[in-house]
Amino acid sequence: MSKVVYKVQGMACNHCVMHVREALESLPGVKAEVTLEPARAEIEFSDKVYDKSRLQEVINDMAGDYVLED
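Described in the following lines is the structure provided in the data block. (Residues numbered from 1 in each chain as written. Predicted model: local features only at pLDDT ≥ 70, side-chain atom pairs only at ≥ 80, totals over all residues. Heavy atoms only, no water.)

Glancing now at the sheet that holds strand E4 (residues 67-69). What the four strands build is an open sheet, ordered E2-E3-E1-E4; its pairing is antiparallel. Each edge of the open sheet is held by one strand with a lone partner, namely strand E2 (30-35) and E4. On average, each strand axis in the sheet is inclined to that of its neighbour by 30 degrees, with strand direction left out of account. As judged from the three bridges shared by strand E1 (residues 2-9) and E4, these two strands associate in the antiparallel manner. Bridging from a neighbouring strand, Gln 9 pairs with Val 67 of E4. The strands touched by helix H1 (residues 14-25) are E2 and strand E3 (40-45); relative to E2, the strand with the most contacts, the crossing angle is about 165 degrees. Against the sheet, helix H2 (residues 52-62) touches E1, E3 and E4, its axis set at about 155 degrees to E4. (Pairing = 2+ DSSP bridges. Helix = DSSP H or I, 4+ residues; strand = E, 2+ residues; numbered from the N terminus. Axes fitted to C-alpha atoms, helices over the stretch in contact; angles between N-to-C directions. Contact = heavy atoms within 4.5 Å.)

Here it is in structure tokens:
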């Protein structure tokens with residue numbers, strides 16, 4: 001199992017957290033823990049490891065204007 005952690009820009013409330021988590025977990029084999037304080041996403045991959053650009057794409061498509069940062 002592989003894991004990455006990104007800062008998440010743009011989240012203001014728990015609904016934001018939920019939208020980002022649900023978007024990330026829509027990818028097969030992805031489990032995400034998203035928190036507001038600190039604003040970050042801890043992402044675990046059980047199968048395929050998705051790169052940051054693919055994770056950002058699914059967030060843009062499903063959750064809105066949130067930005068993953070290293």
